[in-house]
Amino acid sequence: MEMKKNDIFTVAIEDMSEDGAGIGKTDGYIWFIKDTVIGDVVEASVMKQKKQYGFARLVKILTPSLHRVEEPCPVAKRCGGCQLQAMDYEEQLRFKEWKVKNNLIRLGGISPETLSMEPIMGMDHPWRYRNKAQFPFGKSKDGRIITGFYAGRTHAIIEHEDCLLGVEENRRILEIIRDFMKEYGIEPYDEAEHRGLVRHALIRKGFRTGEIMVCLVINGKRLPEADILAERLQAVPGMTSFSFSVNKDRTNVIMGREIVNVAGPGFISDYIGDIRYQISPLSFYQVNPVQTEKLYRTALEYAGLTGNETVWDLYCGIGTISLFLAQKAKKVYGVEIIPQAIEDARRNAEINGLKNAEFFVGQAEEVLPEQYEKNHARADVIVVDPPRKGCDEKCLETIVKMEPQRVVYVSCDSATLARDVKYLAAHGYELKRVRCCDMFPWSGHVETVVLMSRVDQ
Ligand code: SAH
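Note that the structure is a prediction, hence the values are computed from the model and not measured. Each chain carries its own residue numbering, running from 1 in the direction its sequence is written. Local features in this predicted model are restricted to residues whose pLDDT is 70 or higher, and side-chain atom pairs enter the listing and the counts only when it is 80 or higher, whereas totals over whole chains, interfaces and linings include all residues. Water and hydrogen atoms play no part in the side-chain values, which are based on all heavy atoms of the structure.

The next point concerns the domain arrangement of the protein chain. Residue ranges for the domains trace back to a domain assignment, done automatically or taken from a database. Partitioning the protein chain into structural domains gives domain 1 (8–63), domain 2 (97–124 + 288–454) and domain 3 (132–272). Measuring from the centre of the C-alpha atoms in domain 1 to the corresponding centre in domain 3 gives 38 Å.

For the rest of this paragraph, the subject is the packing of aromatic side chains. Pairing of aromatic rings covers Phe, Tyr and Trp, the last counted by its six-membered ring, and requires centre-to-centre distances within 6.5 Å; plane angles under 30 degrees mean stacked, over 60 mean edge-to-face, and any other angle means tilted. Taken as a whole and judged by the stated rule, the model has 15 aromatic pairs. Between Tyr-53 and Phe-55, the aromatic rings sit 5.9 Å apart at their centres with planes inclined by 85 degrees, giving edge-to-face as the arrangement. Buried, partly exposed and exposed residues are distinguished by accessible area as a fraction of the type maximum, computed with a 1.4 Å probe on protein chains only: under 20%, between the cut-offs, and over 50%, respectively. When its relative accessible area of 30% is taken as the criterion, Phe-55 is described as partly exposed. Following the ring pairs from residue to residue traces out a cluster consisting of Phe-9, Tyr-29 and Trp-31. Any Lys NZ or Arg CZ that is within 6 Å of a ring centre and within 35 degrees of that ring's normal is treated as a charge sitting over the ring. Directly above the ring of Tyr-189 sits Arg-199, whose terminal nitrogen or CZ lies 4.3 Å from the centroid.

Two faces, one strand: in a regular strand the side chains alternate between the faces of the sheet. Only DSSP runs of H or I with at least four residues qualify as helices, and only runs of E with at least two residues qualify as strands; both kinds are numbered from the N terminus onward. The buried fraction of strand S17 (residues 331–336) is high, at 5 of 6 residues. Paired strands are those between which DSSP finds at least two bridges. Sheet topology places strand S16 (residues 310–314) next to S17; 5 bridges connect them, and they run parallel. For Asp-313, the partnering residue across the bridge sits in S17 and is Gly-334. The handedness rule is simple: strands pointing away from the viewer, and a clockwise path from the first strand over the helix to the second, make the crossover right-handed. Since S16 and S17 lie parallel, the crossover through helix H5 (residues 320–326) that links them has a hand, and here it is right-handed. Bridge analysis of S17 against strand S18 (residues 357–361) gives 5 bridges, and the strand direction is parallel.

Turning our attention to a nonpolar patch on the surface. Taken together, the side chains of Met-47, Tyr-53 and Phe-55 make up a nonpolar region of the molecular surface, amounting to roughly 230 Å² of accessible area. Looking at where Tyr-53 falls in the secondary structure, it is placed in strand S5 (residues 53–63). You can call Tyr-53 partly exposed: its relative accessible area is 30%. Patch definition: residues above 30% relative accessible area lacking any salt bridge, with like charges linked at up to 9 Å and the nonpolar side chains Val, Leu, Ile, Met, Phe, Trp and Tyr linked at up to 5 Å. Here the Shrake-Rupley method, with its probe set to 1.4 Å, supplies the accessible areas, and only the displayed protein chains count as covering residues. Basic side-chain nitrogens of Lys or Arg form a salt bridge, by our definition, when they fall within 4 Å of a carboxyl oxygen of Asp or Glu.

Before going further, it helps to spend a moment on the site of the ligand. Residues in contact with the ligand amount to 17 residues; listed here are only the nearest, Tyr-296, Thr-320, Glu-336, Ala-364 and Asp-385. The definition of a polar contact used here is a pair of N or O atoms within 3.5 Å, where within protein one atom must be able to donate a hydrogen and the other to accept one, and adjacent residues in sequence count solely through side-chain atom pairs. The contact in question runs from an oxygen atom of the ligand to an N or O atom on the side chain of Glu-336, over 2.7 Å. In the environment of the ligand, a nitrogen atom lies 3.1 Å from a nitrogen or oxygen atom belonging to the side chain of Glu-365. Protein burial of the ligand: of its 580 Å² of free accessible surface, 86% is covered by the chains. Listing elements by their share of the shell around the ligand, those giving two or more residues are H5 and helix H7 (364–375). A per-class count over the shell around the ligand returns 9 nonpolar, 5 polar and 3 charged. The cutoff for a nearby residue is simple: one of its non-hydrogen atoms must lie within 4 Å of the molecule or strand. Gly is put with the polar residues, along with every residue not named as nonpolar or charged; the nonpolar set is Ala, Val, Leu, Ile, Met, Phe, Trp, Tyr, Cys and Pro, and the charged set is Asp, Glu, Lys and Arg.

Compared with the 26 Å implied by 1.5 Å per residue over 18 residues, the 26 Å span of helix H1 (residues 89–106) between its first and last C-alpha is a close match. Note on contacts: a residue pair qualifies if any of its non-hydrogen atoms lie within 4.5 Å across the two residues. The secondary structure elements touched by the buried residues of H1 are strand S1 (8–16), strand S6 (117–121), helix H9 (414–425), strand S21 (429–437) and strand S22 (447–454). Multiply 1.5 Å by the residue count of a helix minus one, and that product is the helix's expected span.

Each axis is a line fitted through C-alpha atoms, taken for helices only over the stretch in contact, and angles between the N-to-C directions span 0 to 180 degrees. At a closest axis distance of 8 Å, the pairing of H7 and helix H8 (residues 393–402) adopts a crossing angle of 30 degrees. One element, H7, and the other, H8, form an angle in the roughly parallel class. Both H7 and H8 take part in a crossing whose hand is left-handed. In this structure, H7 contributes Ala-364, Glu-365, Leu-368, Pro-369, Tyr-372 and Glu-373 to the contact, and H8 contributes Lys-394, Cys-395, Thr-398, Ile-399, Lys-401 and Met-402. For the contact of H7 with H8, the per-class residue count stands at 7 nonpolar, 1 polar and 4 charged. Throughout, the term roughly parallel applies to angles under 35 degrees, roughly antiparallel to angles over 145, roughly perpendicular to angles from 65 to 115, and oblique to all others. Crossing chirality is assigned from the near helix's rotation relative to the far helix, an anticlockwise turn below a right angle marking it left-handed and a clockwise turn marking it right-handed.

This brings us to the pairing of strand S2 (residues 22–26). For S2, a buried count of 4 out of 5 residues is recorded, marking the element as mostly surrounded by other parts of the structure. With 3 bridges connecting them, S1 and S2 associate as antiparallel partners. Bridge pairing in S2 links Asp-15 to Ile-23. Two successive antiparallel strands, S1 and S2, enclose a turn made up of 5 residues, where Gly-20 displays a positive phi of approximately 90 degrees. The pairing of S2 with strand S3 (residues 29–33) spans 5 bridges and is classified as antiparallel. When the sheet's bridge partners are listed, Gly-22 is paired in S3 with Ile-33. Once S2 ends, the chain turns through 2 residues before running back antiparallel as S3, passing Asp-27 with a positive phi of about 50 degrees.

Our focus in this paragraph is the side chain of Glu-161. Note on placement: Glu-161 falls in the loop between strand S9 (157–159) and helix H2 (169–183). A distance of 3.0 Å separates a polar atom in the side chain of Glu-161 from a polar atom in the side chain of Thr-147. Sequence-distant contacts of Glu-161, defined by excluding residues within four places in its chain, comprise Phe-135, Thr-147, Asn-170, Arg-171, Leu-174 and Arg-178.

Here we have 5 strands rolled up into a closed barrel, ordered S1-S2-S3-S5-S4, and mixed in their pairing. The mean angle between the axes of side-by-side strands here comes to 50 degrees, regardless of whether they run parallel or antiparallel.

Our next topic: the sheet that holds strand S13 (residues 258–263). As summarised here, the arrangement of the 7 strands in space is S9-S8-S7-S10-S11-S12-S13, forming an open sheet in which the pairing is mixed. Only two strands of the sheet have a single neighbouring strand rather than two, namely S9 and S13. Taken pair by pair, the neighbouring strands of this sheet meet at an average axis angle of 35 degrees, ignoring direction. Looking at chain direction, strand S7 (residues 132–139) and strand S10 (residues 198–205) are connected through 5 bridges and run antiparallel.

Our focus in this paragraph is the pattern of salt bridges. Throughout the structure, instances matching the rule amount to 28 salt bridges. For the salt bridge of Glu-161 with Arg-178, the shortest nitrogen-to-oxygen distance reads 2.7 Å. Pair noted here: Glu-161 is in the loop between S9 and H2 and Arg-178 is in helix H2, with a separation of 17 residues, a long-range link. Classification of Arg-178 by relative accessible area gives partly exposed; the value is 22%. With its nearest N and O atoms 3.3 Å apart, the salt bridge here joins Asp-344 to Arg-347. Of the two residues, Asp-344 and Arg-347 both sit in helix H6 (residues 339–351), 3 residues apart, roughly one turn of that helix. With relative accessibility at 10%, the residue Asp-344 sits in the buried group. Through salt bridges with shared partners, a single network forms among Arg-128, Asp-162, Glu-168 and Arg-171.

Here it is in structure tokens:
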């Protein structure tokens, strides 16, 4: 059926994309329709068509899905943060698990009969789980200083200070900063004109310690009356550290490279399990600490450590998984491409008195082959936690050559996970266990932990 722009059609939503758009089909042609939920039957109007698929706008819900719920957040549709607020949480979990299973079967070549998934780890309270938020500052049409979130795909600021994914303190902190700016005539940043001072407020909280850090990102070298703001922020319980970051570039990158500490030690601490981490404004740290702990415990369980093992943790970031494993292994080697992350990893090892963890800066696909060939590195267990694009084939090739008994794969993209599982399955490894973890409720993302064991042991 030929259709043109603004034509209206009826379609049943059967699937969902990574970014949470509903997917429906007319005569085999695929439509992406934002704000729809699997199970809805909707009327939609054509926006854009390509050869294989098109985009349409929701016009009317004819029959709502059984899993459709009222979005709890007033700006859910406009804000770029959440995609699945109209779907009940149980259904979200089912959908995420199904997606991973489907990819393992379809792209990973795993037979449906042998694939048994352990139940997905969801959250008991899937709100206010984020320990970090970055609020852009700007002005409303009538000239007020506002903060909130970027709309999906644009930099228009949606005024909203109490995001339901963030901590309750965010609201009070933003109010203090706004009042301070107003009182001292400090202008928010204007992106189009590259003028004004305050660009973003970064707020982080250690969930276990209660410590809070605020860092203002400014388009300038100094923040006037910074001490006064620091003092006012002290009114918020847990406030530990206040700094500003200098970012004078015309850029989408939020943080500047230079951090100027105003009050407090310049970092906060938090725990995952028994391991303490120091987090500074620029450190990477998982944003959902409650689920992170579940994810790492699963990885640790799958690693099956008894205390005698040599473990490699590839793509180790600040060494979070490495240090978790180091408590139960003889020796852990971590590999990570970002030098500052490795500095954090080494410091975190030291703070926790863990002497059996050693870290390398470099690409996993270079460091591992080099260590294997030159230094005859060996491993009982190899853990990988790669970015979305998955493992480089050179890395997988070396893993296979090293013949570890177990490979534990932590993944944030089930399509590349499935591709890599297929590779390992073709080279002497067998898929033993799979478990998903919901790190980002109300988004389309899902994390998965997989255990693969050597077949001939
Ligand atoms: N395991 C860590 C971080 C995982 S995120 C944690 O749980 O906190 C993936 C990490 O891989 C990032 O820190 C990224 O910088 C790193 N990375 C990306 N490409 C890499 C490569 N080719 N070799 C090694 N590390 C890489």
